[in-house]
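A look at the structure
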Amino acid sequence: MGDVLAVAATGGIRTRDDVPPLFRPPAPPRHFVGRDAELRCIRAGVTVLTGAAGVGKTALALQWLRERGSSPQLYVDLAVHRIGRVLRAFGMNVDPADECAVFRSLVMRRQFTLLLDNASSAGQVTPLLPASGTVLVTSREKLDLGHVVEVGPLTDDGRLGPLLDLSYVELPERQARLYRLCAWQPGAFGVPVAAEIAGEPACDVEDALDDLVEKSLLTEVGDDAFGFHDLVRAHARTKR
Ligand SMILES: Nc1ncnc2c1ncn2[C@@H]1O[C@H](COP(=O)(O)OP(=O)(O)OP(=O)(O)O)[C@@H](O)[C@H]1O
Ligand SMILES: [Mg+2]
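Being a predicted model, the structure only gives us computed values, none of them experimental.

With that out of the way, let us pick up the side chain of His 81. The residue His 81 is located in the loop between strand S2 (73-77) and helix H4 (83-89) in this model. Setting aside chain neighbours within four positions, we find His 81 in contact with Leu 22, Phe 23 and Val 76.

As structure tokens, this is what we get:
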């Protein structure tokens, strides 16, 4: 595979030394709690973290990378970025037919610990797997790719509430009010619904919702849709 990378490189294309910011793992949630058993289950080789939408697969993977993963680390959200885009960020313009091979070669040469987030099928992941090293895959499907860790609903062991309180007390009033009000909305909601509930202009509400997402108090669950993790929702509903 090194040959493939060499071919790409002889086209006058250089591989950048640093991991492009878009493909560095984002920080795990500030108030990450629990998952001690799951964190211990992740090991070298391929581990698939599987579970329902919003249960906490990505958060778990990011926390593991932060606590126990060796560097350097490469993060690819397969729902958002094609592999050709990743390679271009490293300065490689590759024939589509060679992309997977060049990607594997890149991962091997740089010894990346790899997080492939939001995989939809085993067929999407298999061509990307390096011959050795540590790869975390998250998927709502139970992909048959190796070691599987089932990620179930978080149970509140009493640690989350105080951590959420810390984030909550720092919120500006508009964000805090939205946090309290939107928690009574069942399921996912968009900006227009949140604006209606709050009785405020959509543009202000949109900024405030983005702020709540940044603080891990709210989750973006799709295009312009937001939702609460069950435990966070329960916390928000206790606020007046
Ligand atoms: N262990 C945890 N401690 C605190 N917050 C958590 C934890 N796990 C998840 N969350 C929060 O719950 C929300 C959903 O988590 P996450 O995005 O990891 O879910 P997911 O299983 O990856 O969902 P999807 O299937 O949509 O990708 C996020 O706001 C995240 O910050
Ligand atoms: Mg996820």
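Here the narrative resumes.
What follows concerns the sheet that holds strand S4 (residues 134-139). If you trace the five strands from one edge of the open sheet to the other, you get S2-S3-S4-S1-S5, paired in parallel fashion. Looking at strand neighbours, the two that pair on one side only are S2 and strand S5 (147-150), the edges of this open sheet. Within the sheet, the average angular offset between the axes of one strand and its neighbour, ignoring direction, is 15 degrees. In this sheet, S4 lies alongside strand S3 (residues 113-117) in parallel orientation, the contact comprising three bridges. For Leu 115, the partnering residue across the bridge sits in S4 and is Leu 136.

A word on the layout of surface pockets. It is a probe the size of a water molecule, rolled over the atoms, that shows where empty space is left. Approximately 170 Å³ is the volume found for the second largest pocket. Around the second largest pocket, the lining residues are Leu 78, His 81, Arg 82, Ile 83, Gly 84, Glu 99, Cys 100, Gln 124 and Leu 128. Along the lines of polarity and charge, the residues of the lining of the second largest pocket split into four nonpolar, three polar and two charged.

Reading the values: rules and limits
- Residues numbered from 1 in each chain as written.
- Chains lettered and ligands numbered in written order.
- Predicted model: local features only at pLDDT ≥ 70, side-chain atom pairs only at ≥ 80, totals over all residues.
- Heavy atoms only, no water.
- Helix = DSSP H or I, 4+ residues; strand = E, 2+ residues; numbered from the N terminus.
- Contact = heavy atoms within 4.5 Å.
- Pairing = 2+ DSSP bridges.
- Axes fitted to C-alpha atoms, helices over the stretch in contact; angles between N-to-C directions.
- 1 Å grid on protein atoms, 1.4 Å probe; cavity = no way out; pocket = protein on both sides within 12 Å on 5 of 7 lines; lining within 4 Å.
- Points joined across faces, edges and corners; volume = space filled by probe spheres on them.
- Nonpolar A, V, L, I, M, F, W, Y, C, P; charged D, E, K, R; others polar.

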